[in-house]
Amino acid sequence: MVRTCKECGKEFVITGGEIRFYKSKKLQFPRRCKQCRGKGKNSVKTNEAIVILYASSHHGNTQKVVEAMREVSGAVLVDIHKDEIPDMSNTKALGVATGIYKGKPDEKLMQVLSGLNVSPAVDGFVVTTSGSGKDYSKIIRKWMNEKHIGDAGSFTCKGFDTFGIFKLFGGIAKGHPNEKELSAAKQFAKELTAKYIHRESEKNA
Ligand SMILES: Cc1cc2nc3c(=O)[nH]c(=O)nc-3n(C[C@H](O)[C@H](O)[C@H](O)COP(=O)(O)O)c2cc1C
């Protein structure tokens, strides 16, 4: 069977043996060629170096920011309301990302953090979005200090906010995070990648 790879656009062949294998396991036939599938495997291995635990319950504003960060760094994103905490034994930089709710980070996120065992070799970074765009990283930084986690910086931007009376007039910070903020988020993540992924692999080479 010949298919066109949805990633690189080249044709690739699924052999009779492979067809039988996928059918026996009731799996869908692959949509990407072997090379493109292989690339993914390599990047997953490297990308565990950056993990971001996030909470984004209001409008998905924080999720947009961390997804932009993942695009350029391949960071592993963990929605603490849905996902399990992964094995972080290869993690070099741990991001904590949240919307701000009545001046505070997401409550469940803080609960998860208080029970988390983090290696002292890990550095932490904070990502927040809020209606005002103010820096609300203090509580998370306090947690980092208590756990002796090094500081890898923080990223803050506005996020669309329809909480309380703001809803009556259509919300504040409409359109945020915007393109400019998402591109600044990417830049922040690129710098983390240079520090925690590229330099590490140079050391190991
Ligand atoms: C219950 C609630 C309380 C909020 N309190 C604040 C606040 O104290 N300060 C602020 O700047 N924004 C506040 N906001 C706005 C959110 O921080 C902002 O919309 C944020 O981007 C939400 O992120 P999310 O979409 O990832 O959940 C509040 C929003 C909600 C729903």
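## Some words on the overall build of the protein
When its secondary structure is counted, the protein shows six helices and seven strands. Across the protein, helices and strands are ordered from the amino to the carboxyl terminus as β-β-α-α-β-α-β-β-α-β-α-β-α. Structurally, the protein occupies a C-alpha span of about 60 × 45 × 30 Å along its principal axes. Across the protein, every contact between residues at least 6 apart in sequence was considered, and the portion connecting residues at least 24 apart equals 71%. For the protein, the exposed area adds up to about 12300 Å²; of that, 51% sits on carbon and sulfur atoms.

## A short note on the site of the ligand
In the vicinity of the ligand, 21 residues are found, and the nearest of them are Ser 56, Thr 62, Ile 100, Tyr 101 and Thr 129. At 2.7 Å from an oxygen atom of the ligand is found a side-chain nitrogen or oxygen belonging to Thr 129. Contacts to the ligand include Gly 159, whose backbone N or O atom sits 3.5 Å from an oxygen atom. Elements represented by at least two residues in the shell around the ligand include exactly α3 (61-73) and β6 (123-130). The residue inventory of the shell around the ligand, partitioned by class, reads five nonpolar, 14 polar and two charged.

## A word on the domain arrangement of the protein
Along its sequence, the protein is organised into domain 1 (1-46) and domain 2 (48-204). Placing a centre on the C-alpha atoms of domain 1 and another on those of domain 2 gives a separation of 33 Å.

## Describing the nonpolar core
Counting residues in each nonpolar core, the largest one holds 24 residues, and the members touching the most others are Ile 50, Ile 52, Val 65, Met 69, Phe 125 and Phe 155. Put simply, the parts of the chain that give this core at least two residues each are β3 (50-55), α3, β5 (93-99), β6, β7 (150-158) and α6 (179-204). The leading source of residues in this core is α6, at seven residues. Residues contacting Phe 125, with those up to four places away along its chain left out, are Ile 50, Ile 52, Ala 93, Leu 94, Gly 95, Val 96, Ala 152, Gly 153, Phe 188 and Leu 192.

Cut-off values and rules
Residues numbered from 1 in each chain as written. Predicted model: local features only at pLDDT ≥ 70, side-chain atom pairs only at ≥ 80, totals over all residues. Heavy atoms only, no water. Helix = DSSP H or I, 4+ residues; strand = E, 2+ residues; numbered from the N terminus. Contact = heavy atoms within 4.5 Å. Areas by Shrake-Rupley, 256 points an atom, 1.4 Å probe, with all protein chains shown as cover. Near = heavy atom within 4 Å. Polar contact = N/O pair within 3.5 Å; in protein donor to acceptor, adjacent residues only side chain to side chain. Nonpolar A, V, L, I, M, F, W, Y, C, P; charged D, E, K, R; others polar. Domains from an automatic or database assignment. Core = buried A, V, L, I, M, F, W, Y, C linked by side-chain atoms within 4.5 Å. Buried < 20%, exposed > 50% of the residue type's maximum accessible area, 1.4 Å probe, protein only.

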